[in-house]
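Residue strings, one per chain:
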Amino acid sequence: MALLQISEPGLSAAPHQHRLAVGIDLGTTNSLVATVRSGISTVLNDEQGCALLPSVVHYAADGEVLVGQMAQEEQSAYPHNTIVSVKRFMGRGLKDVGDVSNLPYRFVEATGSAQAPGMLQLRTAAGVKSPVEVSAEILRVLRLRAEQALGGELVGAVITVPAYFDDAQRQATKDAARLAGLNVLRLLNEPTAAAIAYGLDNAAEGVYAVYDLGGGTFDISILRLSRGVFEVLATNGDSALGGDDFDHRIYCRLLEKNGLSALPAPDIRALLTHARAAKEQLTDHLEARVTAVLSSGEVIDNVLTRAEFHEMSQNLVQRTLQALRKALRDAKLAASEVKGVVMVGGATRMPHIQQAVGDFFGQSPLNNLDPDKVVALGAAIQANVLAGNRSGDDWLLLDVIPLSLGIETMGGLVEKIVPRNSTIPSARAQEFTTYKDGQTAMSIHVVQGERELVSDCRSLAKFELRGIPAMVAGSARIRVTFQIDADGLLSVSAREMASGTEASIVVKPSYGLSDEEITRMLHDSNQYARDDMMARALREQQTEAAQLLEAVDNALRQDGEELLDAAAQARIRGSMDGLRAVIAGSDHQAIKRAVEALNLASTEFAQKRMDKSVKSALAGHKLSELE
Amino acid sequence: MLPSGADFQQDFFSLFNLPARFQIDATTLERSYLALQAQVHPDKFAHLPEAERRLSMQWTTRVNEGYQALRNPLNRARYLLSLQGVDTQEESNTSMPSEFLMQQMEWREAQEEALQAKDIAALEELEQRVQHEVRFLQQQLAVDIDDTHDYPAASGIVRKLKFLEKLAEEIGSAFDELDS
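Residues numbered from 1 in each chain as written. Chains lettered and ligands numbered in written order. Predicted model: local features only at pLDDT ≥ 70, side-chain atom pairs only at ≥ 80, totals over all residues. Heavy atoms only, no water.

Counting 58 residues, the largest nonpolar core has Phe-16 and Leu-141 of chain B as the members making the most contacts within it. For this core, the leading source of residues is helix α8 (residues 151-179) of chain B, giving 11 residues. Per-domain counts for this core show at least three residues from each of domain 1 (21-242 + 315-399) and domain 3 (516-618) of chain A. What Phe-16 of chain B contacts, discounting residues up to four positions off in sequence, is Leu-29, Ser-32, Tyr-33, Leu-36, Val-63, Gly-66, Tyr-67 and Leu-70 of chain B. Ala-234, Ile-250, Leu-260 and Ile-268 of chain A belong to the second largest nonpolar core, which has 49 residues in total. (Core = buried A, V, L, I, M, F, W, Y, C linked by side-chain atoms within 4.5 Å. Buried < 20%, exposed > 50% of the residue type's maximum accessible area, 1.4 Å probe, protein only. Helix = DSSP H or I, 4+ residues; strand = E, 2+ residues; numbered from the N terminus. Domains from an automatic or database assignment. Contact = heavy atoms within 4.5 Å.)

All names here are of chain A. Sheet architecture is open: 3 strands sit in the order β22-β25-β26, paired in antiparallel fashion. The outermost strands of the open sheet, each flanked by one partner alone, are β22 (426-432) and β26 (490-496). On average, each strand axis in the sheet is tilted by 20° relative to the strand beside it, whichever way the strands run. Summarising the sheet, β22 and strand β25 (residues 478-484) pair through 7 bridges and their orientation is antiparallel. The partner of Ala-427 across the bridge, within β25, is Gln-483. (Pairing = 2+ DSSP bridges. Axes fitted to C-alpha atoms, helices over the stretch in contact; angles between N-to-C directions.)

The next point concerns the interface of chain B and chain A. Taken residue by residue, the interface counts 45 residues in chain B and 45 residues in chain A. Taking both sides of the interface into account, the surface hidden between chain B and chain A amounts to around 3800 Å²; carbon and sulfur atoms contribute 59%. Among the residues of chain B in contact with chain A, Gln-39, Asp-43 and Asp-179 of chain B are the three that bury the most area, contributing 16% of the side total. Connecting chain B to chain A are 4 salt bridges. The residue Arg-325 of chain A makes a salt bridge to Asp-179 of chain B at a minimum N-O spacing of 2.8 Å. On the surface where chain B and chain A come into contact, there are 11 residue pairs in polar contact (both at pLDDT 80 or more). Looking at the side of chain B that touches chain A, the elements with two or more residues in it are α1 (6-9), α2 (12-15), α3 (26-40), α4 (50-71) and α8 of chain B. Of the residues that constitute the side of chain B that touches chain A, the class distribution is 20 nonpolar, 15 polar and 10 charged. (Buried area = accessible area lost by both parts, 1.4 Å probe. Salt bridge = Lys/Arg side-chain N within 4 Å of Asp/Glu carboxyl O. Polar contact = N/O pair within 3.5 Å; in protein donor to acceptor, adjacent residues only side chain to side chain. Nonpolar A, V, L, I, M, F, W, Y, C, P; charged D, E, K, R; others polar.)

A cis amide bond links Ile-424 of chain A with the next residue in sequence, Pro-425 of chain A, at an omega value of 0°. Residue position: Pro-425 of chain A is located in the loop between β21 (413-418) and β22. Positive phi, close to 65°, is recorded for Asn-421 of chain A, a residue that is not glycine. In this fold, Asn-421 of chain A is placed in the loop between β21 and β22. Phi at His-149 of chain B takes a positive value of approximately 50°, unusual for a residue other than glycine. Mapping His-149 of chain B onto the fold places it in the loop between α7 (120-147) and α8. The exposure class assigned to His-149 of chain B is partly exposed, which follows from its relative accessible area of 46%.

Residue and element names in this part refer to chain A. Given a rise of 1.5 Å per residue, 15 residues ought to cover 21 Å, and the 22 Å separating the end C-alpha atoms of helix α6 (residues 243-257) matches this to within 8%. Buried within α6 we find Gly-243, Asp-244, Asp-245, Phe-246, Asp-247, Ile-250, Tyr-251, Arg-253, Leu-254 and Leu-255. The inward-facing, buried residues of α6 abut β13 (206-213), α7 (265-284), β16 (287-293), β17 (299-305), α8 (306-330) and α9 (351-361). After α6 finishes, the residue Gly-259 shows a positive phi value of roughly 60°. (Expected span 1.5 Å × (residues − 1).)

Bringing the packing of helix α3 (residues 131-150) of chain A against helix α4 (residues 167-179) of chain A into the picture now. All names here are of chain A. Where α3 contacts α4, the two axes come as close as 8 Å, and the packing angle between them is 50°. It follows that α3 is oblique to α4 by the angle criterion. α3 and α4 meet at a crossing whose hand is right-handed. Each of Val-132, Glu-133, Ser-135, Ala-136, Leu-139 and Arg-140 in α3 lies in contact with α4, whose residues at this interface are Ala-172, Asp-175, Ala-176, Ala-177 and Leu-179. A class-by-class count of the residues in the contact of α3 with α4 yields 7 nonpolar, 1 polar and 3 charged. (Parallel < 35°, antiparallel > 145°, perpendicular 65-115°, else oblique. Left-handed = near helix turned anticlockwise from the far one by under 90°.)

Let us now look at empty space enclosed by the protein. All names here are of chain A. Across all of its chains, the model carries 6 cavities of 30 Å³ or more by this definition. A volume near 130 Å³ is recorded for the largest cavity. Lining the largest cavity are 15 residues; nearest its centre among them are Arg-186, Leu-187, Asp-399, Ile-424 and Ala-486. Broken down by element, the residue count for the lining of the largest cavity peaks at 4 residues, all from strand β12 (residues 184-189). (1 Å grid on protein atoms, 1.4 Å probe; cavity = no way out; pocket = protein on both sides within 12 Å on 5 of 7 lines; lining within 4 Å. Points joined across faces, edges and corners; volume = space filled by probe spheres on them.)

Residue and element names in this part refer to chain A. For the coordinates displayed, the defined rule picks out 49 salt bridges over all chains. Between Asp-175 and Arg-178 there is a salt bridge; the shortest N-O distance is 3.3 Å. Of this pair, Asp-175 and Arg-178 both sit in helix α4, 3 residues apart, which is roughly one turn of that helix. When its relative accessible area of 0% is taken as the criterion, Asp-175 is described as buried. Residues Arg-420 and Glu-450 are paired through a salt bridge, measuring 2.9 Å at the closest nitrogen-oxygen approach. Of the two residues, Arg-420 sits in the loop between β21 and β22 while Glu-450 sits in the loop between β23 (442-448) and β24 (458-466), which places them 30 residues apart along the sequence. Take Arg-420: its relative accessible area is 27%, and that puts it in the partly exposed class.

Spelled out as C-alpha cells, the structure:
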C-alpha cells in the first residue's frame, strides 16, 4: 500500500503541480464558488455550512458593507441601501431597465469619467455605487471564502455569465471580477457550464438542450455532445427575464387585490419578499397565503392558488418557449431530435415550467443535478483545465457569440459583420473608404443585436479613426478588424492599407472600465486597502514571472533543439537569466520589464511551436484520437 | 501582429487537409477542424504566457474562419473562385436572367402574403421550395467548378445563391415574427 502523504496545514500537498482555481456562478439571486478537489468538483460552503451566498449587498452609513444573508436581513429596513438582483443592472443604462417605479432604489446616470455616460448607478448611504462595484463586493466575499478553504491565493477563476449577455454585460462582469482581485481565466456561458457538469457526469452523447431560467436571466443553448467535444450549435434567450419577473407578477396581483398604487420603498421590498416566498410555496402546495402589514398600518391578507399563479405568469413561460423555437431554428433541428433537456436555475422548479418544457420536447426534463449548483460545478471543472491542472485527456469546448455584431451604415441601418451563433474566437475585417477629398478621420459605430435599425440594437462603441493620410475621396482603404475573443468580448483595431501607414485609433467605449480606472478604484476601496494591495501586486507579478519561466523552460526542453539554432536558444536563456536575477526582489517594475523582455524574446519560438502543433494535428495521430 | 509562419498563410483547403474542390468530404473537414481546434484552442493556452495566448486566439480565429468558409457551400464556392482570381461581382453585376428575377419576385410576394395571413404552413412550403432550388444550384456549381472549370458560369450561380440566401434569411425572420 502506498504511503499517505500528509501536508503541513495550510499548504497543499504539491504546490507546484496543483494550481488553485475556482468557478464562480455570479447569480441574480444567489452566488456560489466551487473548485475541483481530488478530481471532484465541489461547492465551497461558508463557515455556517451554506453554499449559496445571497447576491445582496448592504451599504451602511458608517461605510460598513454587508454581503449575503446579513445584507438580506437589512433589505426591508434599508431598501435604498440594500442592493438585490444587481445582475439585472450590469452593463445597463436607465432606459434599458424600463419601469423603475416598482424598484426600491435611487437610480442615477453616470456622468463622471469612471463610467461612460448613460450607465446606471445607485445612490446609497455609502455614496454612489455602480453595479460593477456592487458585484465586486459579492465576488470578493467568494474569493476570500475560497482562499480560506483552499489555503492559498487563487491562480484564477472562471466566472459564468448568461449565454445571452451582450458585450456590455460581459465586460461589466469581467471588470467586477478584476475589481474583486480575481484573475479571470474565462467568462463561461452558464448553460455551457451546466452542460460540462452534466455531460461529464453522465457520459452523454448526442444533441442536448440546456434550459436555464435563473433569477433574472433566461438562456436556452442547444449543444452537440460527443466524446471529448462540447459544441454549442445555437443559443438564444432574454437577459431580462427570470424568476424575479414571476415574483413581480404576484406582487402586481397583490397591489391589484388590495387597491394599492405607489408604495414607499420599504413596502415595495417587503411585498416583493412575500411574493417570492409565495411563489416558492406554490411549487409544492396548491395555495399560498400572504399576510403583511404595510407601513401605513394597512393589513394585507390574501390567498393565491397555483392555478391563478400559472395563469398570471403563462406569458412569461411562453416567452421562454419562443426563444427555444428560435434556437432550434438556428440549429436547424426539430424538437424531436433533442435527446435530453437539462434544467438549470432555481426558477425551473416551478411546476408549470417543467410541464411546458416537457410538453414542448415530448419528454421529461432532466433534473438529476441540483439546478442551483450545476453551473458553479461546471465552471470549476473548466477552471481546473484552464489553470493547467490537467493535460492530455481534456475536452474541447466550442462556444458561440449569442448576438450578431454590426456597424452603422447610411440611414441608421445595421450591416451585420459577425452573425449570431458564430463559433468564437472569431474575427471579421471590413474595409472602409473616405467620401471626401482630404478626409483624415472617420467615425465607426459598432452595435449588437438582430434588428435592422441601429436604434433597435445595443450601441457597443463609437470611435473615431484619426490620422488617415489626406487623399482623394475613395482612395484611402481603412481595414478595420473586429475581433471577438474566447470570452465573447469585442476589440477593434484599424490600419490604413493604401499608404501602408498604421492609422491611429481612438476607441471610446460606451461602457467598461479602463485599466487606470480599475487601479484607481482598487486604491479608493477601503476594503481592499486592508488586503495590502502593493504586496499583493508584487506577489502576483512574481507568480506570473515564475509561471512564465516554467513555461519557457518546458518549451525549450521539448522543442528548443529542434526548432531553434544555438544563438536563438542563447538569446532566450539570456532573457530568462535576466528575469531570474530580479524575480525574488521587491522591485515590481523591474520584474514587469524582465517579463516583457522574455515574452518578446520568445515570441518567434512560440510561433514555431504553434506551427509544429498545427502540422502534427493533421499528421494523423490526433485525428485517430478523435474518431 | 499576425503570425508570419508559412503555415498561417496557407489556404484553407491545405489547412484542413482537403483537395481544393467544391465537392468535399464533410467528415474529413469536420475531423480536421476538431483536430486543429484540439491543438490551438485558447482553452489549451489559458495558463500560458500572454504571447502564446495571443497566438492561440489568432490561430483559432483562423481555423474558425476557414471552417465557415469551407463548410457553407456558398462560401466555399466564393473562396474557390477567389483562389482562382475570379471576382464574383456580387456588388457590381446586378444583371440577372429575367426568369430568375420573376421567380424571386413571386417568392417574395408569397413570403409577404404568408406573413400577412400568419400562414405558417405556407411559409414552410415556401422554405422547402427555396431549399430545393438552392440544392439544385449547388449541384450545378459542382459541375461548373470541379469539372468544366467554367468560372464565369459559377460566378453567376454564386450571385443567384446570394439572392436565395437573403430570401431564406427573410423567411427565417418571418417565422420569428409570426412567433412573437
